[in-house]
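Reading the structure
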Amino acid sequence: MKYEFPVTRTEHPKTKPDPDKLRFGVDFTDHMFIMDYEEDRGWYDPRIVPYGPFSIDPAAAVLHYAQESFEGLKAYKSAEGKVLLFRPDMNIKRMNRTAERLCLPVIDEALFIEAVKALVALEKDWIPDKEGTSLYIRPFVIATEPFLGVRPARQYKFMIILSPVGPYYEGGLAPTKIYVEDTYVRATPGGTGEAKCGGNYAASLKAQVDAAEKGFEQILWLDGVERRYVEEIGTSNAFFVIEDEVVTAPLEGTILPGVTRDSVIEVLRKKGMKVSERRLSVDELFGAAKEGKLKEMFASGTAAVISPVGEIRYKDEDIVINGGGIGPVAQELYDTLYGIQTGKVADTEGWMIEVE
Ligand SMILES: *Cc1c(COP(=O)(O)O)cnc(C)c1O
């Protein structure tokens, strides 16, 4: 192996959580990966250390101006006990595109993948293998330079932490209720919508909280200019099945290019279905629903893989989709993708990377 990361093992291994009671992003494993960056040195000192709090200066740029980025991917254990990663190359490519947008230092693709593999291999006993569970991997970069002026920082940390997770939504593949957001926007052309950064998430919380108060689990974002075209569902990509066409928003700067989104499109096209990356207005969407043409709607993302939508509200109008149940396209996509990820369905695309 080209990279060797020194490992400091924990002296206090934790008790692993009950695999039947796993939630999302609550428990963390025993170790984490960390490396440092200085402007005139580049990235240095990659290492694996016990998981735990670490110190940064109160003036660290990330705490004030949110100069940071993150990624999310998963490791799975197959029935034969193989440890598999789903398309990690896509995550580091996207992380480096986010880095470009937020003036963060880029990371060597091979180093990123080896770092993920080394940490996951060390923590492989933490990978749950019950249906619907996995080990969530959270790489992130933060600006640590103590400086309150506004410019790109000169010091950073890159870290990877791991969390054994159960189904993202407590109801599993149960359809969600979605509120079409017409007050707040997530992204605008020229903004950071296609970058995976914490600032986008902080800015989305208010809409999420307001929708939850009205009894909705998620929001459907509209475009930030005309408030007419559908964009994303919460922090996932959105898909709509209208008659025999599957529609998703095009990647024109305001949409986060999801790895799951890309995989959904690929799987559907391989099955011979028509997939259009095109603008879809909320009027067309509700019009299609009234004519009985809206067959399904679902969200895609690493955390839940596929999450069907059962009901949607825009202003005062409610529509129920597919009788409030899971549609065949969403179900088949979930079975195919989760099947590939866990080694039950043949990986014809070469998406899975084996650890060790
Ligand atoms: C991460 C993310 C997604 C989903 O991307 P995946 O790579 O499929 O997990 C979609 N939208 C937003 C805003 C995201 O941050």
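Here we summarise the structure given alongside this text. Starting from 1, residues in each chain are numbered consecutively following that chain's sequence as written. Totals for whole chains, interfaces and linings use all residues, but because this is a predicted model, local features are given only for residues with pLDDT of at least 70 and pairs of side-chain atoms are given and counted only at 80 or more. Side-chain metrics in this entry use all non-hydrogen atoms of the structure; hydrogen atoms and water are not considered.

1. With respect to the site of the ligand
- In the vicinity of the ligand, 14 residues are found, and the nearest of them are K196, Y201, E232, T260 and T302.
- Y201 places a side-chain nitrogen or oxygen 2.5 Å from an oxygen atom of the ligand.
- The definition of a polar contact used here is a pair of N or O atoms within 3.5 Å, where within protein one atom must be able to donate a hydrogen and the other to accept one, and adjacent residues in sequence count solely through side-chain atom pairs. Between an oxygen atom of the ligand and a side-chain N or O atom of T260, the distance comes to 2.6 Å.
- Burial of the ligand by the protein amounts to 97% of the accessible area it has alone, namely 380 Å².
- Here a strand is any run of E in DSSP of at least two residues, a helix any run of H or I of at least four, and the numbering for each starts at the N terminus. Listing elements by their share of the shell around the ligand, those giving two or more residues are β11 (236–242) and α5 (259–270).
- Three categories are distinguished: nonpolar for Ala, Val, Leu, Ile, Met, Phe, Trp, Tyr, Cys and Pro, charged for Asp, Glu, Lys and Arg, and polar for the others, with Gly belonging to the last. When grouped by side-chain class, the residues that make up the shell around the ligand number three nonpolar, seven polar and four charged. Near residues are defined by distance, with any heavy atom within 4 Å of the molecule or strand qualifying the residue. Note on areas: Shrake-Rupley, 1.4 Å probe, and residue coverage restricted to the protein chains presented here.

2. Here's the deal with the environment of E296
- Structurally, the position occupied by E296 is in strand β14 (residues 294–301).
- With relative accessibility at 4%, the residue E296 sits in the buried group.
- The contact definition used throughout considers only heavy atoms, calling two residues in contact when any of these lie within 4.5 Å. The residues touching E296, leaving out its near neighbours within four places in the chain, are F239, F240, V241, I321, G327, P328, V329 and A330.
- Polar side-chain contacts of E296 include one of 2.9 Å to the backbone nitrogen of A330. Each residue is placed in one exposure class: buried if its accessible area under a 1.4 Å probe, protein chains only, is under 20% of its type's maximum, exposed if it is over 50%, and partly exposed if it falls in between.

3. Quick look at unusual backbone geometry
- Positioned with a positive phi, R227 is a non-glycine residue whose angle comes to about 55°.
- Here R227 is to be found in the loop between β9 (218–222) and β10 (230–233).
- With phi around 50°, E243 is a residue other than glycine that occupies positive phi space.
- Considering the arrangement of structural elements, one finds E243 in the loop between β11 and β12 (245–248).
- Given a relative accessible area of 46%, E243 falls into the partly exposed group.

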